[in-house]
Amino acid sequence: MSVTKLIKCVILDLDGTLLNTDGIVCNVLKISLGKYGKEWDGRETLKIVGKTPFEAASAVVEDYGLPCSPVEFVSELSPLFSQQWCNIKALPGANRLIKHLKSKGVPMALASNSPRESIDAKISFHDGWKDSFSVIIGGDEVRTGKPSPDIFFEAARRLRIEPSSCLVIEDSLPGVTAGKAAEMEVVAVPSLPKQSHLYTAADEVINSLLDLQLEKWGLPPFADWVERTLPVDPWYIGGPVIKGFGRGSKVLGIPTANLSTKECSDLLAQYPSGVYFGWAGLSTRGIFKMVMSIGWNPYFSNKEKTIEPWLLHEFTEDFYGEELRLVIVGYIRPEFNFPSLESLIAKIHEDRRVAERALDLPLYSSYKNNSHLRIS
Ligand code: ADP
Ligand code: RBF
Ligand code: MG
């Protein structure tokens, strides 16, 4: 992007952009469709992200042929959703973004298709969020929800900032459409995988909030990158090493010790795909530096989200079945597709160098002694 836009404020969507609502929505639909003897299969997810509750309910009632009206279905779902709000986690990068913009005095608005009351309830579980937004608008406070631009026009009006100086951050297609119809700059952060090709209307499509580059919009840049790495709240996973796709060593010359994706599926779903690094512990062999990818390996277009840890050590033998423990401490970059196998391999070796150097920094090296890595 060549032109730096002079953006004065940021308007954020809530569900799927700042909050990881997808899992909760699936659970609630599973339960409520179960009452009608139907099984939620996730196929409507695309039809409901970014919609108003009424629109989402209409899609489900129609697709499943439910013997109730969308209005009735909404009122059946509402109490189930309310019970779940305390369990919704912030998406990675959400707290970082809100804190940063607040500390730099950049005005923020929250504009969501969900009713104002639900927005207030949801954000009450996240410290400091409510006070960070100068403006909060729900779908019930404007005439028509997204994809209509109403909600964004209203946000700009209340912020007293020209629409063309507003940056919208949105995960859904209706939200992107609404932002562009309001003639704002729009960064899309699709919440569903493998959808980025649908977001052609957006000014930029990023993989997760971790990849947001505020300086592109003339906003104060994040200052927390350390030698090409972004520290993350550490997370811990582990399990026996299983067989992967059988191509790490063979095709790339880069062996990756795979973990069962079923056993850590909840954790995996919480983290954006991308390249991360940290420390790896193997029961009988010790503790090693590690760099890994999480995701669908776009170069190989995998169907499943996998975790591919490369231990930065030369082993003389395989260690399938052994207990592998990982502590992940930092993020490097999103996953990419590559024009050639050589360029993919070269990039992974560059990741290795970045991780190797970073892990010597006190910030990251302290985790080497974490008890999670020592398996007794
Ligand atoms: P798979 O597709 O079955 O994971 P790979 O070709 O990716 O096969 O090789 C991974 C296996 O190689 C690991 O499960 C482990 O037993 C072994 N291995 C040897 N050296 C390493 C290393 N440095 N990092 C990760 N795995 C290694
Ligand atoms: N695969 C991709 O398709 N794109 C990537 O950007 C990518 N980055 C990776 C970075 C690291 C550090 C590692 C260890 C793997 C990466 N891979 C990537 C995954 C690689 O394709 C995978 O290890 C093989 O497919 C083996 O299953
Ligand atoms: Mg592997």
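On a predicted model such as this, the values are computed, not experimentally measured, just so you know.

**Quick word on the overall build of the protein chain**
Each helix and strand counted, the protein chain has 13 helices and 12 strands in total. Looking at the protein chain residue by residue over its 376 residues, the buried ones come to 51%. Considering only contacts in the protein chain between residues 6 or more positions apart, those separated by 24 or more positions represent 69%. Counting only carbon and sulfur atoms, one obtains 52% of the accessible surface of the protein chain, whose full area is about 17600 Å². Taken together, the 41 basic and 46 acidic charged side chains of the protein chain have centroids lying 3 Å from each other.

**Some thoughts on the site of ligand 2**
Inspection of the region around ligand 2 gives 21 residues, with Arg-247, Asn-297, Tyr-299, Arg-333 and Phe-336 positioned closest. A distance of 3.1 Å separates an oxygen atom of ligand 2 from a polar atom in the side chain of Asn-297. Contact with the protein chains covers 99% of the free accessible surface of ligand 2, which is 540 Å². Contributions of two or more residues to the shell around ligand 2 are made by helix H10 (248-252), strand S10 (286-295), strand S11 (306-311) and helix H12 (341-358). At 3 residues, H12 tops the list of elements feeding residues into the shell around ligand 2. Grouping the constituent residues of the shell around ligand 2 by class yields 12 nonpolar, 4 polar and 5 charged.

**A few points about the coordination of the magnesium ion (ligand 3)**
The protein atoms donating to the magnesium ion (ligand 3) are Thr-256 (O), Thr-256 (OG1) and Asn-258 (OD1), with metal-donor distances spanning 2.1 to 2.3 Å. Classification of Thr-256 as partly exposed rests on a relative accessible area of 23%. With relative accessibility at 5%, the residue Asn-258 sits in the buried group.

**A word on the packing of aromatic side chains**
Under the criterion given, the structure shown has 11 aromatic pairs. Look at Tyr-276 and Tyr-331: their rings are 5.3 Å apart centre to centre, the planes differ by 65°, and that puts the pair in the edge-to-face class. On the criterion of sequence distance, the pair formed by Tyr-276 in strand S9 (residues 274-282) and Tyr-331 in strand S12 (residues 323-333) is long-range, its members being 55 residues apart. For the pair formed by Tyr-276 and Tyr-331, the shared burial category is buried. Relative to Phe-315, the ring of Phe-288 lies with its centre 5.0 Å away and its plane at 75°, an arrangement referred to as edge-to-face.

**Here we look at the sheet that holds S9**
One key point about sheets: their strands pair by backbone hydrogen bonds, in either a parallel or an antiparallel sense. The 6 strands are arranged S8-S7-S12-S9-S10-S11 in an open sheet whose pairing can be described as antiparallel. Here the strands that pair on one side only, and so sit at the sheet edges, are strand S8 (258-259) and S11.

**Some points on the site of ligand 1**
Near ligand 1 there are 20 residues, and of these Gly-244, Gly-246, Ser-249, Asn-258 and Phe-319 occur at the shortest range. The contact in question runs from a nitrogen atom of ligand 1 to an N or O atom on the backbone of Leu-311, over 2.8 Å. Here ligand 1 has 560 Å² of accessible area as a free molecule, and 94% of this is covered by the chains. Considering every element that reaches the shell around ligand 1, the biggest residue donor is S11, with 3 residues. Looking at the shell around ligand 1 residue by residue, the classes come out as 10 nonpolar, 7 polar and 3 charged.

**Points about the nonpolar core**
Counting residues in hydrophobic clusters, the biggest one holds 48 residues, and the most contacted among them are Leu-18 and Phe-73. It is helix H3 (residues 53-64) that contributes the most residues to this core, 5 residues altogether. Core analysis: the second largest hydrophobic core is formed by 25 residues, Ala-280, Met-290, Met-292 and Ile-294 among them.

**Concerning the packing of helix H1 (residues 22-35) against helix H4 (residues 70-84)**
Across the interface, H1 lies against H4 with an axial gap of 10 Å and an inter-helix angle of 135°. Between H1 and H4, the angle falls in the class oblique. The handedness of the crossing between H1 and H4 is right-handed. Here Ile-24, Val-25, Val-28, Leu-29, Ile-31, Ser-32, Leu-33 and Lys-35 of H1 lie close against H4, whose contacting residues are Phe-73, Leu-77, Leu-80, Phe-81 and Gln-84. Per-class residue counts for the contact of H1 with H4 are 10 nonpolar, 2 polar and 1 charged.

**Let's talk about the pattern of salt bridges**
Counted according to the given criterion, the structure contains 20 salt bridges. Taking the shortest distance from any N to any O, the salt bridge between Lys-146 and Asp-13 comes out at 3.0 Å. One end of the pair, Lys-146, is in the loop between strand S3 (135-138) and helix H8 (150-159); the other, Asp-13, is in the loop between strand S1 (9-12) and H1, and 133 residues separate them in sequence. We classify Asp-13 as buried; its relative accessible area is 6%. The salt bridge partner of Asp-360 is Lys-289, with a shortest N-O separation of 3.0 Å. Taken together, the residues Asp-360 in the loop between H12 and helix H13 (362-365) and Lys-289 in strand S10 connect sequence positions 71 residues apart.

How each quantity is defined
Residues numbered from 1 in each chain as written. Chains lettered and ligands numbered in written order. Predicted model: local features only at pLDDT ≥ 70, side-chain atom pairs only at ≥ 80, totals over all residues. Heavy atoms only, no water. Helix = DSSP H or I, 4+ residues; strand = E, 2+ residues; numbered from the N terminus. Buried < 20%, exposed > 50% of the residue type's maximum accessible area, 1.4 Å probe, protein only. Contact = heavy atoms within 4.5 Å. Areas by Shrake-Rupley, 256 points an atom, 1.4 Å probe, with all protein chains shown as cover. Lys, Arg positive; Asp, Glu negative; His and termini not counted. Charge placed at Lys NZ, Arg CZ, Asp CG, Glu CD. Near = heavy atom within 4 Å. Polar contact = N/O pair within 3.5 Å; in protein donor to acceptor, adjacent residues only side chain to side chain. Nonpolar A, V, L, I, M, F, W, Y, C, P; charged D, E, K, R; others polar. Donors = N, O, S within 2.8 Å, 3.2 Å for Na, K, Ca; no water. Phe/Tyr/Trp six-rings, centres within 6.5 Å; stacked < 30°, edge-to-face > 60°. Pairing = 2+ DSSP bridges. Core = buried A, V, L, I, M, F, W, Y, C linked by side-chain atoms within 4.5 Å. Axes fitted to C-alpha atoms, helices over the stretch in contact; angles between N-to-C directions. Parallel < 35°, antiparallel > 145°, perpendicular 65-115°, else oblique. Left-handed = near helix turned anticlockwise from the far one by under 90°. Salt bridge = Lys/Arg side-chain N within 4 Å of Asp/Glu carboxyl O.

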